[in-house]
Every structure is written in structure tokens, then in C-alpha cells.
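Listed here are the chains, written in short residue letters.
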Amino acid sequence: MPKTLTDPGVVALHARNVAFDVSRTPIQWIRGDAFASHIISAINFVLPEGERWFCETFNEALPLIEDPELREAVRGFIGQEAMHAQAHDEVLADLFRSQGIDTAPMVAIAERIFQQMLGPRNLPTAAARHKHLVARLALIGGIENLTALLGDWVLTAPLEEYDADPAVLDLFRWHGAEEVEHRMVAHDVAEYFGVGYFQRAGALGIAYAGFLLLLGRVAHDLVKQDPDMPDHSYARVWFELVRGGRRGTLPTLRSVGWSAALGLHPRFTPEWIGNTAQAVAYLAKSPAARAAS
């Protein structure tokens, strides 16, 4: 994205100690589109374990990074991702569990993926352990490509038109703004560790396919537990995902595919996705971020 007069340029990353009051929020927090509400909420069950995995992996990589600017950016990234995990965990406890939703099976899926399948391994040689670390860093780069798209989308999505709860909407927009704000970090780390084009492209494909499959599974589990949702088939969930994109209550599959295509460009940079000025502007007015400042 070319520089403009409103572009703030390089932004120093820092965690914001935010809190959200969802004590009066219904589980269908987008009241005008219950399916979109549950599909977005499904992200809430996937993110905390994934973000803790980001932090663990970047903490493992940090001692190997000699570039001082990149080290500082990585520290800011870790702080923000740790706060994201904490904030979403609190919403899980305060909103869903308090209203009788059994979150354990959904959280367990994310735990198996990020702790058992993708966690560090006690490999026999230092070279093998380093190679495994680089593969994880490449995958984080692919995931962050997608989260930048989601963050950019939620900042302008017309969810107020569908009577979205202000507190949960602020949660996702604060989170989305920070995803846009730090979208360069994982890409820069992957490049620093020598991730080439083909490894980056493979990681991107795994990240997008894995995320969509996981999102569909968790969204289905969430819809199935809502007594106000009589049709909870997998087919209906995927139909509503497409329909939500047309209504503006979810990202379109076309936009997801376009961001993946951008990521496959040989000269791709995350600056092509999202707008830093827009993200910083939202963080300046976010009720939770302002209260934390």
C-alpha cells in the first residue's frame, strides 16, 4: 500500500490492557443474524490457544533474532497476542459458559491442534529442532495473512445495522485493529529465518484450509448447543457463511480467496492487506482501548 498523508508509518507495538463487560450480552450477540453471530463467535474459541502458541513460538525464536528493530517488533507482537488470548478467554467465561454453553469440547479441539500437533518437539538434533521452528514460523506467517484480512474486514463491517452488541463488537474491532497494526511482524520474522517462496506458499495454503475447516467445526458445535437454532446441520452453517458474506455480516469467500491469492504473489507484503491509519484511528476511539490508556 503506498504511503499517504494519513498513513502513520511505522507504529510502535504495545499491548493494551483492555476489559469488556458482557454481563448483559446474549449469546446471539448479532441479534439480526444469529448464524453470523455464532460463526464469528466460533473464532473466539479458536483464537486463545492459537495466540498462546504464537507467543510460545516467537519466544523460542526471539533469542535467535539479532536485528534490534525486529526484536522490538516481536516483543510488541507477543504482548498484543497474549492480551488477545486473555481477553477472549474472559469473554468465553463471562458470556458463553455463564449461559449454559459447554465450551470444553470446542476449546479441546484448539488445544489438540496447537499444543499437540503444532507444539515444539524434542527432536534429536539442533538442526532438526531449528527446522521445525522455522516451519512453525512460516505457518504463523500464513495465519497472520488471514487475520489481517479479518481484522481489516471487521473494522468496517456494517454490524451495527444488524443490532450487534457494542461490547462484543468492540472486542473484535479492537482485536482486528491490532491484527492490522502488527500484520508485518510474522512475515518479517519468516523472511529473517529464511522462509522461501514455496515454503511460504505451502504454509499459507495449510493456514487457510485449516482455519476454515476448524471454524466450520466449532461453529457447528456452537449452533448445535443453541436451543433457538433448530437447524444446525453442517450444510446450513456453510450456507449461512456464504449468505452472511452477501449481507455483509461475514467476510465473503471471494475476499478470503483474494487475500490468499495476494499472499501467493512472489513479491507479497502484508502492507497490501489492511490500512494502518484506519486501525490506529479505531484504537484511538475504541471504548476498551481508551479505558486502558
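Residues numbered from 1 in each chain as written. Predicted model: local features only at pLDDT ≥ 70, side-chain atom pairs only at ≥ 80, totals over all residues. Heavy atoms only, no water.

### Quick notes on unusual backbone geometry
Item 1. Although it is not a glycine, Asp163 sits at a positive phi angle of roughly 60 degrees.
Item 2. In this structure, Asp163 sits in the loop between α4 (126-156) and α5 (166-181).
Item 3. Exposure remark for Asp163: the relative accessible area of 43% places this residue in the partly exposed category. (Helix = DSSP H or I, 4+ residues; strand = E, 2+ residues; numbered from the N terminus. Buried < 20%, exposed > 50% of the residue type's maximum accessible area, 1.4 Å probe, protein only.)

### Thoughts on α5
Item 1. In this model α5 runs 22 Å from its N-terminal to its C-terminal C-alpha over 16 residues, within 8% of the 22 Å that 1.5 Å per residue would give.
Item 2. For α5, the buried fraction is high: 15 of the 16 residues fall into the buried class.
Item 3. Its side-chain oxygen 3.1 Å from the backbone nitrogen of Ala167, Asp165 forms the N-cap of α5. (Expected span 1.5 Å × (residues − 1). Polar contact = N/O pair within 3.5 Å; in protein donor to acceptor, adjacent residues only side chain to side chain.)

### Overview of the environment of Gln278
Item 1. Mapped onto the fold, Gln278 is located in helix α10 (residues 276-285).
Item 2. Taking the C-alpha atoms as reference points, Gln278 and Asp152, 126 residues apart in sequence, are found 8.6 Å from one another.
Item 3. Not counting chain neighbours up to four residues away, the residues in contact with Gln278 comprise Asp152, Leu155 and Thr156. (Contact = heavy atoms within 4.5 Å.)

### Things to note about the nonpolar core
Item 1. Counting 97 residues, the largest nonpolar core has Phe58, Val74, Leu159 and Trp174 as its most contacted members.
Item 2. In terms of residues, this core owes the most to one element, helix α1 (residues 34-61), which gives 15 residues.
Item 3. Setting aside chain neighbours within four positions, we find Val74 in contact with Phe58, Leu62, Ile65, Val185 and Val189. (Core = buried A, V, L, I, M, F, W, Y, C linked by side-chain atoms within 4.5 Å.)

### Thoughts on the side chain of Arg173
Item 1. Tracing the sequence through the fold places Arg173 in helix α5.
Item 2. You can call Arg173 buried: its relative accessible area is 7%.
Item 3. A polar contact of 2.6 Å, which involves the side chain of Arg173, links it to the backbone oxygen of Ala157.
Item 4. When neighbours within four sequence positions are excluded, Arg173 is seen to be in contact with Val154, Leu155, Ala157, Leu159, Glu160 and Tyr282.

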